[in-house]
Amino acid sequence: MNLEKTLWITGASSGIGEATALYYAQQGWTVYASARRAEALQALAAKHSGIKPLPLDVTDTAALAAAVEHFRENGIRLTQVVLNAGTHTPVDGRKIDVKVFRSLFEVNFFSVVNALEALYPLLHHQGGARVGIVSSVAGLTGLPSSSAYGATKAALNNMTEALRNDMAQDGIQLSLILPGFVKTPLTDKNDFPMPWMISAEKAAESIFKGMDAGRFIITFPRRMYWALRILSFLPKKLYFRLLSRPL
Ligand SMILES: NC(=O)c1ccc[n+]([C@@H]2O[C@H](COP(=O)([O-])OP(=O)(O)OC[C@H]3O[C@@H](n4cnc5c(N)ncnc54)[C@H](OP(=O)(O)O)[C@@H]3O)[C@@H](O)[C@H]2O)c1
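Here's what I pulled together on the structure shown here. As the structure is a prediction and not an experimental result, all values here were calculated from the model. (Residues numbered from 1 in each chain as written. Predicted model: local features only at pLDDT ≥ 70, side-chain atom pairs only at ≥ 80, totals over all residues. Heavy atoms only, no water.)

1. A few points about helix α7 (residues 200-212)
As a reminder of what qualifies: What counts as a helix is a DSSP run of H or I of at least four residues, what counts as a strand is a run of E of at least two, and both are numbered from the N terminus. The span you would expect from a helix comes to 1.5 Å times its residue count less one. Only protein chains enter the area calculation, which uses a 1.4 Å probe; residues under 20% of their type maximum are buried, those over 50% are exposed, and those in between are partly exposed.
Taking 1.5 Å of rise per residue, the 13 residues of α7 would be expected to cover 18 Å, and the 18 Å separating its terminal C-alpha atoms lies within 8% of that figure. When α7 is considered as a whole, its buried residues turn out to be A200, A203, A204, S206, I207, F208, G210 and M211. Positioned one or two residues after α7, G214 has a phi angle of 70°, which is positive.

Pasting the structure below:
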């Protein structure tokens, strides 16, 4: 029996993806690590022999298909996949620029759809796998400056819930990963208070444990998730009044 466990993770050159790749490798997994910056992936691979760089741009459909073909040709059985690559551009709601919305949807949303399309035949053929989709608690409710980013994540949340039962019939188990604030190069750019922020290493541990336990929702820190869930249920008049106050 082949006991080897293999993960493919995107967005592995920094932040949550980098920490998660390292965490899985430290648990004995073989980790295929993707992102655009090949040198950063090489530096990550130098930290653990279980990490194999597989550089690509997740918005490049042909590159995603080639990565999946690489797994197929080499008989690599993917135990898990974590589609984590993503980016954030804050939006001033008085200066709408459709290019920002389109480019965030390409990276955060359509890259996931592209990856699922490319992966589906392989995962089905190999008898299933668990696929974690890294969204955000920002997709739970509309937040200031997050109109583009939050919309991409709300789309991921809805899509993942909608696909869950269909894909499960073919053994492809989805997990929806909803981070709150995690200290990474992405949040280092923020100049507003970020309550209950956790380290990327703690996020990695939560992802590993949640995926291992087969949970659909994997969220950390949980109080951020519940705070936003409760906010989203408030009457909108009260909700908008609360959001207009400084934190
Ligand atoms: N940090 C948080 O508080 C937080 C909260 C909620 C959700 N998230 C989500 O968590 C995920 C990781 O974020 P992070 O905070 O770890 O940010 P990060 O440190 O900026 O990492 C983003 C990763 O995505 C990769 N990436 C971006 N565009 C890509 C592209 N076109 N093709 C391939 N890879 C690409 C980057 O690699 P290259 O630049 O090398 O391509 C990098 O490895 C994102 O989906 C983000 O939305 C983060």
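2. Things to note about the pattern of salt bridges
What counts, and what does not: Salt-bridge detection follows one rule: a side-chain nitrogen of Lys or Arg within 4 Å of a carboxyl oxygen of Asp or Glu.
Across all of its chains, the model carries eight salt bridges by this definition. Residue K47 is joined to E18 by a salt bridge in which the shortest nitrogen-to-oxygen separation is 3.4 Å. Pair noted here: K47 is in the loop between α2 (38-45) and β3 (51-53) and E18 is in helix α1 (residues 15-26), with a separation of 29 residues, a long-range link. A relative accessible area of 23% means that E18 is categorised as partly exposed.

3. Re the packing of aromatic side chains
Two descriptors summarise a pair of aromatic rings, namely the distance from one centre to the other and the angle between the planes of the rings. How we decide: By convention, a stacked pair of Phe, Tyr or Trp rings (six-membered ring in the case of Trp) has centres within 6.5 Å and planes under 30 degrees apart, an edge-to-face pair has planes over 60 apart, and any other such pair is tilted.
Going through the model one piece at a time under the given rule, you end up with eleven aromatic pairs. Between the aromatic rings of W29 and F208, the centroid separation amounts to 6.2 Å while the plane-to-plane angle is 80°, which identifies the pairing as edge-to-face. Taken together, the residues W29 in the loop between α1 and β2 (30-34) and F208 in helix α7 connect sequence positions 179 residues apart. Comparing W29 with F208 shows no difference in burial state: the two are buried. Arranged with centres 5.1 Å apart and planes meeting at 80°, the rings of Y225 and W226 form a pair that is edge-to-face. We classify Y225 as buried; its relative accessible area is 8%.

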